[in-house]
Amino acid sequence: MRPLIDELCVFTGNAHRELAQNVCKYLNIPLGQAEVFKFPNDNTFVRILDNIRERDVFIIQPMSAPVNDHLMELLIMIDAAKRASAGRVTAVVPYYGYARTDKKDQPRVPITARLVADLLTAAGTDRLLTVDLHAGQIQGFFNIPVDELTALPILVRYFRDKALDDLVVVAVDVGISKRARDVAERLQVPLAIVEKRREGNNASAQSLNIIGDVEHKTVLTFDDEIDTGGSILAAVEALQERGAQEVYSCVTHALLSGSASEEVVASPLRELVATDTVPLHDKRLDGKITVLSVAPLLGEAINRIHKGLSVGALFQ
Ligand code: R5P
C-alpha cells in the first residue's frame with residue numbers, strides 16, 4: 001500500500017533560489033535544507049539535511065544556464081531524495097531546457113528533450129510540474145504524470161490592466177501562433193503572424209513576412225522564450241517597417257543569453273514583459289524589462305498536487 005504522504009517539503013538546487021523561497025512564502029512553509037555544491041574535481045554533491053522519509057517532496061529547479069550543471073543538480077537531488085525514502089518526488093521545472101531539440105528534423109541529430117525526460121524518470125521522479133513547454137508534445141516523452149502550467153493568464157492580466165489602444169497581438173513565428181491566438185482572444189484584439197525562417201543551426205534568425213495588419217497599431221508580440229533576442233529584435237524591425245507604432249513584447253521564459261538584455265534595452269522595443277521562471281537578477285533590465293512572478297502559480301499548483309485537488313481548475 002502507498003504510504004501516507006501528508007507532509008509537504010520543498011527543496012531547491014542552485015538554479016533559482018529566490019523563486020523557490022517565494023514559492024515557500026506562498027505555501028507558508030520553510031524551504032527545505034540541503035547542501036548542493038561541487039567538489040574541486042567538478043563533481044556535484046548533494047546532501048538533504050531534513051528528514052524526508054515518506055514525505056511529499058517537491059524539488060524546484062529550472063534548467064537555466066549553466067544548463068548541464070543545473071540539470072545534473074536536479075537529477076542528483078532526486079536520487080538523494082529517493083534514497084532518503086521520500087514518499088513521492090515531484091520535479092518542479094519552471095523552465096524545461098533542451099526543449100527545442102524535440103524532434104529528428106535532420107539526419108543524425110538527437111532528441112535531447114526526450115533524453116532529459118528519460119534521465120528525470122530514471123533518477124526517480126514521480127511527477128513533473130512545469131511551465132509553458134516549448135512544445136506541449138514533450139509531455140508525451142514522460143510515462144509519469146506531467147502538469148504543464150501556463151503563464152499566459154499572468155501576462156494577459158498585465159496587458160489587460162495597461163489597456164493599450166488599437167492593440168494587435170503578433171506571433172513571432174508560425175509555431176507559436178496557436179498560443180498567440182489564445183493571448184489575442186483573451187485580450188479581445190486581432191492577431192497577426194511573423195513568418196520567420198532560421199538559417200541552419202546557428203542562433204541568428206530572420207523575419208521575413210508579416211501576415212495581418214499592423215499599420216498604425218500598437219503591437220504586442222508573444223513567444224514562449226527569448227534566448228539571444230534575435231527573433232524578437234528582427235520582428236520589431238519588421239513590424240516597424242510595416243508601420244507599427246509601438247511594439248511591446250511578452251514571453252514566459254526570458255533566457256536573455258549573452259548580451260541579449262543589453263540589446264533589448266537598447267532596441268526600439270517599448271517594453272518586454274517576462275516571468276521569473278529563470279533568474280534575471282544578473283541581467284540589465286533598466287525599467288524596460290518587467291518581471292512578473294510565477295511563484296504564486298507554482299505554489300498553488302504544488303498545494304493542489306499535494307492535496308489531490310485539480311490543477312486544471314486553476315485555469316478555469
Ligand atoms: C523558437 O522556436 C522560439 O519560439 C523562440 O522564438 C526562440 O527560442 C527565440 O530564440 P532567439 O531569442 O535566440 O531568437
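Scoring rules and cut-offs
Residues numbered from 1 in each chain as written. Predicted model: local features only at pLDDT ≥ 70, side-chain atom pairs only at ≥ 80, totals over all residues. Heavy atoms only, no water. Salt bridge = Lys/Arg side-chain N within 4 Å of Asp/Glu carboxyl O. Helix = DSSP H or I, 4+ residues; strand = E, 2+ residues; numbered from the N terminus. Buried < 20%, exposed > 50% of the residue type's maximum accessible area, 1.4 Å probe, protein only. Near = heavy atom within 4 Å. Polar contact = N/O pair within 3.5 Å; in protein donor to acceptor, adjacent residues only side chain to side chain. Areas by Shrake-Rupley, 256 points an atom, 1.4 Å probe, with all protein chains shown as cover. Nonpolar A, V, L, I, M, F, W, Y, C, P; charged D, E, K, R; others polar. Phe/Tyr/Trp six-rings, centres within 6.5 Å; stacked < 30°, edge-to-face > 60°. Contact = heavy atoms within 4.5 Å. Domains from an automatic or database assignment. Buried area = accessible area lost by both parts, 1.4 Å probe. Pairing = 2+ DSSP bridges. Axes fitted to C-alpha atoms, helices over the stretch in contact; angles between N-to-C directions.

Draft legend 1. Geometry of the pattern of salt bridges. Inspection of every chain in the model, using the stated rule, returns 17 salt bridges. Of the charged contacts, one joins arginine 114 and aspartate 118 as a salt bridge, the two residues approaching to 3.0 Å between their closest N and O atoms. Placement of both arginine 114 and aspartate 118 in helix H3 (residues 112-123) is noted, with a separation of four residues, approximately one turn of the helix. Classification of arginine 114 as partly exposed rests on a relative accessible area of 37%. A salt bridge links glutamate 300 to arginine 304; the shortest N-O distance between them is 3.0 Å. Pair noted here: glutamate 300 and arginine 304 are both in helix H8 (residues 295-307), with a separation of four residues, about one helical turn. Both residues of the pair, glutamate 300 and arginine 304, count as buried. Salt bridges linked by common partners bring Lys38, Asp42 and Asp69 together as one network.

Draft legend 2. Highlighting the site of the ligand. Inspection of the region around the ligand gives 14 residues, with Asp223, Asp224, Thr228, Gly229 and Ser231 positioned closest. At 3.1 Å, a side-chain N or O of arginine 100 approaches an oxygen atom of the ligand. In this structure, an oxygen atom belonging to the ligand sits 2.8 Å away from a main-chain N or O atom of glycine 229. Protein chains bury 93% of the 380 Å² of accessible surface belonging to the ligand in isolation. Listed by contribution, the elements that provide at least two residues to the shell around the ligand are strand E9 (191-198), strand E11 (218-226) and helix H6 (230-241). Tallying contributions element by element places E11 first for the shell around the ligand, with four residues. Residue composition of the shell around the ligand, grouped by class: one nonpolar, five polar and eight charged.

Draft legend 3. Region of the structure containing the packing of aromatic side chains. Scanning the model with the defined rule gives six aromatic pairs in all. Taking 6.0 Å as the distance between ring centres and 75° as the angle between the ring planes, the aromatic pair formed by tyrosine 96 and phenylalanine 142 counts as edge-to-face. Taken together, the residues tyrosine 96 in the loop between strand E5 (88-93) and H3 and phenylalanine 142 in the loop between strand E6 (127-131) and strand E7 (146-149) connect sequence positions 46 residues apart. For phenylalanine 142, a relative accessible area of 5% puts it in the buried group.

Draft legend 4. Quick peek at helix H4 (residues 152-162). All of the buried residues along H4 are Leu152, Pro153, Ile154, Leu155, Val156 and Phe159. The elements touched by buried residues of H4 are helix H5 (177-187), E11, strand E12 (246-254), strand E13 (271-275), strand E14 (289-292) and H8. Residue alanine 163 follows H4 closely and has a positive phi angle near 45°.

Draft legend 5. A look at the domain arrangement of the protein chain. As assigned here, the protein chain comprises domain 1 (8-150 + 295-315) and domain 2 (152-292). A straight line from the C-alpha centre of domain 1 to that of domain 2 covers 27 Å. For the pairing of domain 1 and domain 2, the buried interface totals around 1,500 Å² over both sides, and the portion due to carbon and sulfur atoms is 47%. In terms of surface lost to domain 2, no three residues of domain 1 exceed Tyr95, Arg100 and Asp132, which account for 38% of the buried area on that side. One can count two salt bridges joining domain 1 with domain 2. Salt-bridge contacts for arginine 100 lead to aspartate 227; the nearest nitrogen and oxygen are separated by 3.2 Å. Across the domain 1-domain 2 interface, the total number found is 11 residue pairs in polar contact (both at pLDDT 80 or more). In the side of domain 1 that touches domain 2, the residues fall into 11 nonpolar, five polar and two charged.

Draft legend 6. A look at the sheet that holds E5. If you trace the five strands from one edge of the open sheet to the other, you get E1-E4-E5-E6-E7, paired in parallel fashion. Edge positions in the sheet fall to strand E1 (8-12) and E7, since each of these pairs with one other strand and no more. With strand direction ignored, the average angle separating the axes of adjacent strands in the sheet is 20°. Of the strand pairs in this sheet, E6 and E7 are connected by four bridges, and their pairing is parallel. Bridging across to E7, valine 131 finds its partner in leucine 149.

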